[in-house]
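Descriptive structure summary
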Amino acid sequence: MKSFLSKGRTLAVLAAAGAVVASSVVAGSPALAEDKKTIGFSPIAMAIPPLAGLAKGVEAVGGAKGYNTVILDPNFDPVKQAEQLTQAINAGTINAGWVITAAPPALASVAKLAQEKQVPMVLNGTPKDYGFSGPQASLSFGTIPYAKVGTIMGLAGGQCINKKAGGKGDVIVLTSTPGTAGKAEQDGAVLKWLKKTAPGAKVVQTVVQTDLPKSQKAISAALQRNPNVIAVIGGNNEGTTAALNAFKAAGKKLPCVTMNGGGDPVIDKGLASGAIYTNAELQFEADMMQSFAELERLLANPTATGK
């Protein structure tokens, strides 16, 4: 696990957190021939551009390796995600799964069912998040280094405020919904390093980011209450795009933006133009390959102990 700064862009390498997905197979259909395994990919939502891109990658890599793929789209709803996965496992639609969820505890029953049915899975989070203690048969766990990501965003945010605003100014901090994996660690690190690096900056409001329209509405409302905001710290792809849109619509400049995400043309354009100061970028392609390798290992022996 490592991270580094390069030309204003921060790259934070992910730990295993994913799975496999996508072809002509339809979720809910019977499993195909046993000699051609089917892998289910269940991301937080296909509406998130990097995850939609990741699904295409999983389809391509899986196809090249001889797997069928199934995409399950819970559209930001962990309860729906649990229901979809439960149905797919019980119906035999998938032989293995890669799951990226915003709320691991909501999928605890799915993890236990996958173990019982010997359907290997790679799950984001830790065993504790799913109600386990230590390594588990059939299941592997991976997590983003949330504290490191938060440190990068808070530190870079403070540096930007010092550089572009003389070390002072009002700040909006973007955060995840309650129950999101790594929320406490990431938020804590953002605030700690922002304060340490730019003690003259003032956090005037925290905004919970969800999808793009709701996030933009919430940020616009926050901006109306706090018209002197000069920095937005901590957004994901949707939250950051929403912030840029909200400030543009209000006719206001936004000197400092730091975020975490990746794989979105809007984000890449913002980094290139300087509209986004730093991005702690999630390395989806590298994550996909290591997650695929781990699923293949577990498929070869579904009762093997995961990592």
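Let me sum up the structure you'll find in this document. Remember, it's a predicted structure, so these values are computed and weren't measured experimentally.

1. Quick word on the nonpolar core
Among the nonpolar cores identified, the biggest contains 39 residues, and Leu 54, Trp 98, Ile 161 and Val 171 are the most heavily contacted of them. Residues Ile 89, Ile 94, Ala 111 and Leu 123 belong to the second largest nonpolar core, which totals 20 residues.

2. What about the state of the cysteines?
Applying the stated criterion across every chain yields a total of one disulfide. Disulfide partner of Cys 160: Cys 256, at an S-S distance of 2.1 Å. With the S-S bond torsion at -90°, the cross-link from Cys 160 to Cys 256 turns out left-handed. Pair noted here: Cys 160 is in helix α4 (residues 146-165) and Cys 256 is in strand β11 (residues 256-261), with a separation of 96 residues, a long-range link. The pair Cys 160 / Cys 256 is uniform in exposure class, with both members buried.

3. Focus: the pattern of salt bridges
Scanning all chains against the criterion turns up four salt bridges. Residues Arg 297 and Glu 294 are paired through a salt bridge, measuring 2.8 Å at the closest nitrogen-oxygen approach. In this pair, Arg 297 and Glu 294 both sit in helix α9 (residues 284-300), three residues apart, roughly one turn of the helix. Given a relative accessible area of 32%, Arg 297 falls into the partly exposed group. Among the residues examined, Glu 294 registers a relative accessible area of 8% and is labelled buried. Residues participating in the shared-partner salt-bridge network are Glu 294, Arg 297 and Lys 307.

Criteria and thresholds
Residues numbered from 1 in each chain as written. Predicted model: local features only at pLDDT ≥ 70, side-chain atom pairs only at ≥ 80, totals over all residues. Heavy atoms only, no water. Core = buried A, V, L, I, M, F, W, Y, C linked by side-chain atoms within 4.5 Å. Buried < 20%, exposed > 50% of the residue type's maximum accessible area, 1.4 Å probe, protein only. Disulfide = S-S within 2.5 Å. Helix = DSSP H or I, 4+ residues; strand = E, 2+ residues; numbered from the N terminus. Salt bridge = Lys/Arg side-chain N within 4 Å of Asp/Glu carboxyl O.

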